[in-house]
Amino acid sequence: MEHNKQKTVLIVDDEPAFRMLLTDLFTKNNIHVISAENSQHAFEIITTQKPNLVITDIIMPGESGLDLIEKVRATPEIAQTFFIVLTNSLKSMDLVHALNEKVTIFLQKSDIEPNFLLQKVNENLK
Amino acid sequence: MKKDLFYFSTIFCFILAIGIGTGFFLYNYFHKDELNSLISRANIISSLIDLDQLSTLSITTPDVSNQNYLNLKNSLIKISSYNSDTRFTYVMVQKEKKIYFIADSEPASSPDSSPLGQQYTEAPTGLYDTFNKGEAHTLGPYTDRWGSWISAFVPVFDSSGNVIYAVGIDIDSAAHYRILYSVILLTSIVTIFFLIIIIATYRLRKKEKKIIQIKSDFITLAAHELRSPLSLMRWRLSMLVENSEINENVKKEIEEIKISTLRLITMTNSVLVTTATEHNIIDHQKFQLVDVSISIVKAIEALKDMQKQKNISINLSEYLKKPCLVLGEIEKLELVFINLLSNSIKYSPQGSTVFVTLSSEGLKKVIVIEDQGIGISKKEIKNIFDGFFRAENAKRSGVRGSGFGLYMTKKIIEFFGGVIECSSEINKGTTFKVTLNTK
């Protein structure tokens, strides 16, 4: 597989086990993965490496995933970044709806299977 | 909380208004009552006056030794002594627009006594009306050289109806107002007592709500904390099941662990949904029309193993095989039917049938789940939707249960504006009727 054609996904999650899990899942399916453990680091990666898609948790120490999305949306050159919110937080649903719905998918960690996420990622990488 | 504040403020204002109203009413009532009684007493005194005897007096100093004058004076002293609250009773005459005392109830030796023929210079205007218009009057409180008084004046008529004398009666205004203020004080104490009760109840309720909030926050937090590791387990197990390097036998075992994990996830989700519905965290406006048939079919699918184990057949009405839209959320409705159907299966004898029917009742959809199980006694049926309640026969049956399921079920259904009812007969079976809205 040519590396330059390989798509890149950024995973933002403060839980190392979940970052590893997603890294495994995407690497096996030939998707390049970068991971960040907090919003600040994620924002730097998005500006410098411009990943094709970002999967982010919401509740993290420091800035939340929603803060990250808002910050990215406010920065013109990366404003169109596609986000998948993958979280266990029920209450954040409303907040996500308040953001740009067109480019944000909201998924509950406990409700879906890895294949479903993979499918959503593949659909939006095209 | 705001609703509570409104409710309690309304009651507070209402009690306050009633208190003030009662105070005013009682004040006026006792005040008028006292004035009326003063007039009656003055009238009684006036009726006792012997006009013939009085007409012999010239109202000048020599009359002091006149027997008729002494008779009048003595009767006034006597009457006054019987009415302990009256300070003065007196008879007056008007001559050339001036008012003069004839006799009063004070013994002649008293310094407060008004001697015969003394002019009543500070006579209140009401007294002139009594003479000129023949009206009975009450006055006061007013202050003159003897003190502060409440008075009543009544006219005394001659045989042709002209006012010739007037009878006055005074009571100490301080004594009168002491009674009135006591009434006000008493009313205020009762009102304040009720207001304090209201405030105390409100504060207690606020505290109670706070405790409930803390409890549900704790449950929510705990459930959230559980969801993270459970999700991780679910995902890892799913990935293992699909891993081609793992042999089929191991995969079966992993599959079983995954089912248990899913059950744990469902349970924590139920707890979260219940606490969320209890506190209306979820926005009611977001309800959509969803196909309730799908959630029933999904629920039956989820309970397949349990159903097989007890060899229970589930009889679905034809109607259920078509879409049927109701207001709600698929996942939560699925939880409802998993709860109801798993109860039916758990408490039914081996090989029996559970009937599930769906019908329309006006704009509502009615789902009925009927089993041939152990039933619930009449005494206990009203408690089955209470959290953590389990019927005696359910406990004896050896079937595992927390008593949380029906509580949650009811919360979810009511959250969607629906109704759940239960009827049952011991050893015959139980029927749950769920009514859901379509609009």
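Residues numbered from 1 in each chain as written. Chains lettered and ligands numbered in written order. Predicted model: local features only at pLDDT ≥ 70, side-chain atom pairs only at ≥ 80, totals over all residues. Heavy atoms only, no water.

Visitor: Quick question: what am I supposed to make of the sheet that holds strand β1 (residues 86-95) of chain B here?
Guide: Across a sheet, paired strands are connected by hydrogen bonds in the backbone, their directions being either parallel or antiparallel. Residue and element names in this part refer to chain B. Taken in spatial order, the five strands of this open sheet run β2-β1-β5-β4-β3, and their pairing is antiparallel. What marks the edges here is a single partner per strand, and that holds for β2 (98-104) and β3 (137-144). Looking at each pair of strands side by side, their axes are set apart by 35° on average, direction ignored. In this structure, β1 lies alongside strand β5 (residues 163-172), joined through seven bridges in antiparallel fashion. Residue pairing across strands places Thr-89 opposite Ile-169, the latter belonging to β5. Across the sheet, helix α3 (residues 67-82) touches β1 and β2, and the angle it forms with β2 is around 75°. Packed on one face of the sheet, helix α4 (residues 125-133) meets β1, β2, β3, β4 (147-157) and β5 and runs near 150° to β5. (Pairing = 2+ DSSP bridges. Helix = DSSP H or I, 4+ residues; strand = E, 2+ residues; numbered from the N terminus. Axes fitted to C-alpha atoms, helices over the stretch in contact; angles between N-to-C directions. Contact = heavy atoms within 4.5 Å.)

Visitor: I would appreciate a short explanation of α4 of chain B in the present structure.
Guide: One full turn of an α-helix is made of 3.6 residues, so residues set three or four places apart face in the same direction. Residues and elements named next belong to chain B. Listed as buried for α4 are Gly-126, Leu-127, Thr-130 and Phe-131. What you see down the axis of α4 is that its buried residues fit within an arc of 145°, all on one side. In this structure, α4 carries Thr-125, Asn-132 and Lys-133 as exposed residues pointing more than 90 degrees from its buried face. Along its buried surface, α4 packs onto β1, β2, β3, β4 and β5. After α4 finishes, the residue Gly-134 shows a positive phi value of roughly 70°. (Buried < 20%, exposed > 50% of the residue type's maximum accessible area, 1.4 Å probe, protein only. Arc of directions from axis to C-beta.)

Visitor: What exactly am I supposed to notice about the side chain of Ser-238 of chain B here?
Guide: For Ser-238 of chain B, the location among the structural elements is in helix α5 (residues 173-241). In terms of polar contacts, Ser-238 of chain B uses its side chain to reach the side chain of Glu-113 of chain A, at 2.6 Å. In contact with Ser-238 of chain B, other than residues within four places in its own chain, are Glu-113 and Pro-114 of chain A together with Lys-258 of chain B. (Polar contact = N/O pair within 3.5 Å; in protein donor to acceptor, adjacent residues only side chain to side chain.)

Visitor: Which parts of the structure should I look at to understand the sheet that holds strand β5 (residues 104-108) of chain A?
Guide: All names here are of chain A. Reading across the sheet, the five strands line up as β2-β1-β3-β4-β5 and stay open at both edges, with parallel pairing between neighbours. Either end of the sheet is taken by a strand with one partner, and the two such strands are β2 (32-36) and β5. Strand-to-strand twist of the sheet, defined as the mean angle between neighbouring strand axes without regard to direction, takes the value 20°. Bridge count between strand β1 (residues 8-12) and strand β3 (residues 53-56): four bridges; the pairing is parallel. Across the sheet, residue Ile-11 finds its bridge partner in β3, namely Ile-55.

Visitor: For this particular structure, what's the right way to read the interface of chain A and chain B?
Guide: Bring the parts together and some accessible area is lost; that lost area is often taken as the interface size. Chain A puts 23 residues into the contact, and the matching count from chain B is 17 residues. Summing both sides of the interface, chain A and chain B together bury roughly 1,900 Å²; the carbon and sulfur share of this comes to 53%. Sorting the residues of chain A by area buried against chain B places Leu-21, Asn-88 and Ser-110 of chain A first, and these three jointly supply 28% of that buried surface. One can count three salt bridges joining chain A with chain B. Joining chain A to chain B, the criterion identifies seven residue pairs in polar contact (both at pLDDT 80 or more). At the level of secondary structure, the elements contributing two or more residues to the side of chain A that touches chain B comprise α1 (16-28) and α5 (114-125) of chain A. Top element by residues in the side of chain A that touches chain B is α1 of chain A. It accounts for seven residues. Looking at the side of chain A that touches chain B, its residues break down into eleven nonpolar, five polar and seven charged. (Buried area = accessible area lost by both parts, 1.4 Å probe. Salt bridge = Lys/Arg side-chain N within 4 Å of Asp/Glu carboxyl O. Nonpolar A, V, L, I, M, F, W, Y, C, P; charged D, E, K, R; others polar.)

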